[in-house]
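Summary of structural features
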Amino acid sequence: MKTVFFQAIPFDKTQVTLALESGVDGVITTPEAADAVRALAKIEVLTPGDFTRVALGSKADEETAAKALAAGARVILAHGWEIIPVENLLAQGSGLGCEVTSLDEARLAAGILERGVDFVVLLPEAAGAMKAVVADLKLNQGTLALEAATVTAVRPAGLGHRVCVDTMSMLRTGQGMLVGNSSAFTFLVHAETESNPYVAARPFRINAGAVHAYAAMPGDRTRYLEELASGDEVLIVGADGATSLATVGRVKVEVRPMLRVTARTDSGREGAVFLQNAETIRVVREDGSPVSVVSLTEGDRILVRTDEAGRHFGMRIAEDIKEG
């Protein structure tokens, strides 16, 4: 997730308001306009004096930027930067940012050397693309490889504590969280985006499973569902594998009747998940459509993710481990 600043020089209240509503991390403006920005929202306000700005026109300019980074300065590369000098500077230190005027430029800067610059500075010319840039750089978490598995059993499993994850986002059909008994085999548990005759849709909610289950998190980590709390960021995954971030607004843990769903991939890997026994809880079919666990039957094809087992406090480790 990249830091995104908006450069409000000259100060324009309409553009700054748009930047704040888009979710930028801070605003760069003149010292004279700093209080005007602070009056609009509680956000970091910076001035050009907080950075070293370098226009890359020669090797000497690149060396100037490198010296500033080595001295601990935050360096902004002026618009017109090129990839090779940015790669050279990224190899020498942190604290590097680039001015951008479009979504394509922002994506390019954020992906150089598969690491990207530490921050981007949106110039006023980027105002029209501001929302798209912020969403892409701050929410997009790349793509995960999902595969189809065949349901092998759906069985009542008694009462258990289940976790509802209520996010601060409106999720869409096909989106949910990856949850499972094992970090190496997780099921795409669908958000409550679908209406039914008994309960209204709650597209912010993922009724994710039992308290002991693993959930895939941002940064290639896992958490137990029971650990999640208000303010945490969770990984939202679509049926196409596209991922994004959502912030937890509330977590509800309640005793409910549970089902144990097991499935097997075409390669023979097996996994299980415990989900509430209710019509509103859904997993995702192979074609991306949600299916209620109540109507799920042996032989149905659903989306899962397989991985290598082995986690310690949510971090990937190399370990001989078996979970089921």
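One structure accompanies this document, and this report is about it. Quick caveat, the model's predicted, so the values are computed rather than measured. (Residues numbered from 1 in each chain as written. Predicted model: local features only at pLDDT ≥ 70, side-chain atom pairs only at ≥ 80, totals over all residues. Heavy atoms only, no water.)

1. Side note on the packing of helix 5 (residues 103-111) against helix 6 (residues 130-139)
At their nearest, the axes of helix 5 and helix 6 sit 9 Å apart, and the two run at 20° to each other. Classed by the angle they form, the pair helix 5 and helix 6 counts as roughly parallel. Crossing of helix 5 against helix 6: the hand is right-handed. The residues of helix 6 that touch helix 5, namely those facing Leu-103, Ala-106, Arg-107 and Ala-110, are Ala-132, Val-133, Asp-136 and Leu-137. Residue composition of the contact of helix 5 with helix 6, by class: six nonpolar, no polar and two charged. (Axes fitted to C-alpha atoms, helices over the stretch in contact; angles between N-to-C directions. Helix = DSSP H or I, 4+ residues; strand = E, 2+ residues; numbered from the N terminus. Parallel < 35°, antiparallel > 145°, perpendicular 65-115°, else oblique. Left-handed = near helix turned anticlockwise from the far one by under 90°. Contact = heavy atoms within 4.5 Å. Nonpolar A, V, L, I, M, F, W, Y, C, P; charged D, E, K, R; others polar.)

2. Focus on the packing of aromatic side chains
The description of an aromatic ring pair uses the distance of the two centres, along with the angle that the planes make with each other. Inspection of every chain in the model, using the stated rule, returns five aromatic pairs. One aromatic cluster in this structure is built from Phe-5, Phe-51 and Phe-119. (Phe/Tyr/Trp six-rings, centres within 6.5 Å; stacked < 30°, edge-to-face > 60°.)

3. Thoughts on the nonpolar core
Ranked by internal contacts, the top residues of the largest apolar core, which has 39 residues, are Val-24, Leu-77, Val-86, Leu-96 and Leu-122. Once residues lying within four places of it in the same chain are set aside, the contact partners of Leu-96 are Leu-69, Val-75, Leu-77, Val-86, Leu-89, Leu-90, Val-117, Asp-118 and Phe-119. (Core = buried A, V, L, I, M, F, W, Y, C linked by side-chain atoms within 4.5 Å. Buried < 20%, exposed > 50% of the residue type's maximum accessible area, 1.4 Å probe, protein only.)

4. Looking at helix 5
By the burial criterion, the buried members of helix 5 are Ala-106, Ala-109 and Ala-110. The arc enclosing the buried residues of helix 5, seen along the axis, measures out at 95°, which places them on a common side. The elements touched by buried residues of helix 5 are strand 6 (96-100), strand 7 (119-122) and helix 6. Looking one or two places after helix 5, you find Leu-113, whose phi comes out positive at around 60°. (Arc of directions from axis to C-beta.)

5. Observations concerning helix 3 (residues 59-70)
A rise of 1.5 Å per residue sets the reference length of helix 3, with its 12 residues, at 16 Å; its end C-alpha atoms lie 16 Å apart and thus fit the reference within 8%. Those residues of helix 3 that fall on the buried side of the exposure criterion are Glu-62, Ala-65, Ala-66, Ala-68 and Leu-69. Relative to the axis of helix 3, the buried residues are bounded by an arc of 160° and lie together on one face. Exposed and facing more than 90 degrees away from the buried side of helix 3 are Lys-67 and Ala-70. Each element contacted by the buried residues of helix 3 is listed here: strand 4 (52-54), strand 5 (75-77), helix 4 (83-90) and strand 6. One or two steps after helix 3, the chain reaches Gly-72, where phi turns positive at roughly 95°. (Expected span 1.5 Å × (residues − 1).)

6. Side note on the pairing of strand 16 (residues 270-276)
Within strand 16, six of the seven residues are buried, leaving the element largely enclosed by the surrounding structure. Across seven bridges, the pairing between strand 15 (residues 243-265) and strand 16 is antiparallel. By the bridge assignment for strand 16, Met-258 is matched with Gln-276. Between strand 15 and strand 16, which follow one another and run antiparallel, lie four residues, and Gly-268 among them has a positive phi close to 100°. (Pairing = 2+ DSSP bridges.)

7. Looking at the sheet that holds strand 7
The sheet built from seven strands is open, its strands ordered 3-2-1-7-6-5-4 with parallel pairing. Single-partner strands in this sheet number two, and they are strand 3 (44-46) and strand 4. Going from strand to strand, the sheet's axes swing by 25° on average, the running direction of each strand aside. Two strands pair when backbone bridges link them, and strand 1 (residues 3-7) and strand 2 (residues 26-28) are joined in this way by three bridges, in the parallel orientation. Residue pairing across strands places Phe-5 opposite Gly-26, the latter belonging to strand 2. Along the sheet face, helix 6 touches strand 1 and strand 7 and points at about 160° away from the line of strand 1.

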